[in-house]
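Okay, here's what each chain looks like letter by letter:
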Amino acid sequence: MPKNQVTSGKQKIAWVSKHMQIINKIIDEYRETQPLSGYVIVASVHMEAKTAYLVQALAELGAEVYATGCNPLSTQDDVALALNETPRVTVYAKHNCSDKEYWNFLKKALKNRPHIIIDDGGDLIELLRNTCLEYSDRLVGGCEETTTGVYRLKALASQNKLRFPMYNVNNADCKHMFDNHYGTGQSALDGILRTTNLIIAGKTAVVAGYGDCGSGIAKRLRGLGAKVIVTEVDSVKALRANMDGFRVMKMDKAARLGDIFITATGCKDVITWHHFRVMKDGAVLANAGHFNVEIDAEELAICSKNHYMARNNIEAYELNSGQTIYLLAEGRLVNLAAADGHAAEIMDMSFSIQLMCVLDIATWLTRDMVGYHTPSGLYSVPREIDDKVAQLALKVQGIKIDKLTEEQEDYLRNGF
Ligand code: NAI
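Per-chain numbering applies: the sequence of each chain, read as written, is numbered from 1 onward. Reporting in this predicted model follows two pLDDT cut-offs: at least 70 for local features of residues, and 80 or more for side-chain atom pairs to be given and counted; totals over whole chains, interfaces and linings ignore these cut-offs and use all residues. Side-chain metrics in this entry use all non-hydrogen atoms of the structure; hydrogen atoms and water are not considered.

*Asks:* I'd like a description of the pairing of strand β13 (residues 314-319), backed by residues and values.
*Replies:* We call a residue buried when its accessible area falls under 20% of the maximum for its residue type, exposed when it is over 50%, and partly exposed in between, using a 1.4 Å probe and counting protein chains only. Elements are defined by DSSP. Helices are runs of H or I of four residues or more, strands are runs of E of two residues or more, and each kind is numbered from the N terminus. Burial of β13 is extensive: 5 of the 6 residues sit out of reach of the surface. Pairing analysis gives 6 bridges linking strand β12 (residues 304-311) to β13, with the strands arranged antiparallel. Following the sheet pairing, Y308 is matched in β13 by A316. The turn joining β12 and β13, which pair antiparallel and follow one another in sequence, is formed by 2 residues; a positive phi near 70° is taken by N313. Where β13 meets strand β14 (residues 324-328), 5 bridges bridge the pair, whose relative direction is antiparallel. Residue E318 lies in a different strand from β14, and its bridge partner there is T324. What sits between the antiparallel neighbours β13 and β14 is a turn of 4 residues, in which G322 has the positive phi angle 110°. One requirement defines pairing of two strands: DSSP has to find at least two bridges between them.

Now the structure itself:
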């Protein structure tokens, strides 16, 4: 069985590698010089084929990599087993492991005293400032992949508790403008469609949060024929959703109207007991935000008289008030827990940013040796990295664009 799993994992990684042409170009550029040789990297990622290919790229450029999941439900065991067979790579991850096992995997990886970390959601950083502090002695810096992790880093930085320099990969244009928007827009619906096998057209869909992710989801839902309602707490985002043609209202009101609900806020308690009790019979709930705190599944269980698995990844809750509500993937990110995550071409851009940031951090270590230490803090990804990845992406897609003439540059710089 594990042998078949390894074969299946290898096939999945081989498939995405053909569609991750930007990373392939970066690997080609740096393979000979092996700029990550001698570096230990710990990567906490959604363990599926695209992240596996990023990990392989790091190893191919010389790094010794310890990879873990960043969410117990998004780990694909076949991919984890296949990745573990890569030279210089060790994987600690198992699908649906307990919380205790999950944290132990992260600790085991950190014991290797990384020079560089790749975090997705901030759990590695959380350990490194608490129980795993002793393993941070060689840490030069790291990258954070997602919005929620960045919130956590910002909170730490504001309290002077962030002890390392971290790149805010999420805010690179080539990441959030494509991954969060188009990636989540498509893959969240992929997760819902695969899991429920229900029609979207004609239904009323409620999207909570109109940020990068939520706006992408709302647009894709409209494309599939749904009547879309948006809920927000930010006035500007709410206005934008309205002008983009969506109905905007409070969740209290939307809860009565929706057939499908998708949360993408990065906040907690977005859909709670007040909402469950007024929902339509058969309402489907899914979350695309990083943590499973947006839909209050505990309260859902408390106000239910019965609870059973309706189908793989669909829990049915029979409420005391009579309706049955369906929760997908335990309220964890539906696109990763119930599907394969974002499209390969999208993650090619995000992970090219990650890879370029890791290569950049590796140069910090050389500077550290001559006495310079990059101060702790949250850093924006340098514009040159964004530009390089965008240029490579255009090249891969065979798109050529205009270039400013000297006169135009002068006009734009001087205003005349
Ligand atoms: P964002 O900051 O661009 O948007 C979040 C929006 O939610 C904001 O407009 C905010 O005003 C709104 N919001 C906050 N609390 C709310 C509430 N209680 N009710 C209604 N609206 C509320 O963030 P982004 O990039 O859209 O990310 C959202 C979440 O999705 C984060 O947890 C992020 O980590 C996660 N994410 C998930 C991905 C996936 O693959 N499923 C990919 C990228 C990000």
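*Asks:* Go over the pairing of strand β4 (residues 116-119), please, and point to the residues and values.
*Replies:* Looking along a regular strand, one sees side chains alternate from face to face of the sheet. Alternating positions in β4 separate into two faces, I116 and I118 on one and I117 and D119 on the other, with burial throughout. In the sheet, strand β1 (residues 40-44) pairs with β4 via 3 bridges, with the strands oriented parallel. Residue pairing in the sheet places I41 in a bridge with I116 of β4.

*Asks:* Lay out the pattern of salt bridges in plain terms, naming residues and giving numbers.
*Replies:* The term salt bridge refers to a side-chain nitrogen of Lys or Arg lying within 4 Å of a carboxyl oxygen of Asp or Glu. Enumeration over the complete set of coordinates arrives at 19 salt bridges. Here R383 and D173 are joined by a salt bridge, their closest N and O atoms 3.0 Å apart. Taken together, the residues span a long stretch of sequence, with R383 in helix α16 (residues 383-396) and D173 in helix α8 (residues 173-196) at a distance of 210 residues. Its relative accessible area of 44% is what places R383 among the partly exposed residues. The salt bridge involving R332 is made with E330; its shortest N-O contact spans 3.6 Å. Given a relative accessible area of 16%, R332 falls into the buried group. Note on E330: relative accessible area 36%, which makes it partly exposed. Salt bridges here are not isolated pairs; linked through shared partners, they connect D173, R383, D386 and D387.

*Asks:* Provide a residue-level description of a positive patch on the surface, including the pertinent values.
*Replies:* Two joining distances apply to patches: 9 Å for like charges and 5 Å for nonpolar side chains (Val, Leu, Ile, Met, Phe, Trp, Tyr), and every residue must have over 30% relative accessible area and no salt bridge. All accessible areas in this document rest on Shrake-Rupley with a 1.4 Å probe, and a residue is counted as covered only by the protein chains that are shown. Neither His nor the chain termini are counted; the positive set is Lys and Arg, and the negative set is Asp and Glu. Taken as the charge centre is NZ of Lys, CZ of Arg, CG of Asp or CD of Glu, depending on the residue. Taken together, the side chains of K219, R220, R222, K237 and R240 make up a positively charged region of the molecular surface. For the positive patch, the elements supplying multiple residues, two or more each, are α9 (212-223) and α10 (235-243). When residues in the positive patch are grouped by element, the largest group, 3 residues, is from α9. You can see R240 is positioned in helix α10. The exposure class assigned to R240 is exposed, which follows from its relative accessible area of 56%.

*Asks:* Provide a residue-level description of the packing of aromatic side chains, including the pertinent values.
*Replies:* The rule is short: rings of Phe, Tyr and Trp, with Trp giving its six-membered ring, pair when the centres are within 6.5 Å, and they are stacked under 30 degrees, edge-to-face over 60, tilted in between. Following the criterion strictly, the structure yields 5 aromatic pairs and no others. On the basis of an interplanar angle of 50° and a centroid distance of 5.4 Å, the ring pair of Y167 and W364 is categorised as tilted. Separated by 197 residues along the polypeptide, Y167 in strand β6 (residues 165-168) and W364 in helix α15 (residues 344-369) bring together distant segments of the chain. Of the two residues, Y167 and W364, both sit in the buried class. An aromatic cluster is present here, built from Y167, W364 and Y379 joined pairwise through their rings. Working rule: Lys NZ or Arg CZ, within 6 Å of ring centre, within 35 degrees of ring normal, means a charge sits over the ring. One cation-aromatic arrangement involves R277 over W273; the distance from NZ or CZ to the ring centre is 4.7 Å.

*Asks:* Would you mind going over the sheet that holds β12 in detail, with residue names and values included?
*Replies:* Across the sheet, 8 strands lie side by side as β9-β8-β7-β10-β11-β14-β13-β12; this open sheet has mixed pairing. Each edge of the open sheet carries a strand with a single partner, namely β9 (247-248) and β12.

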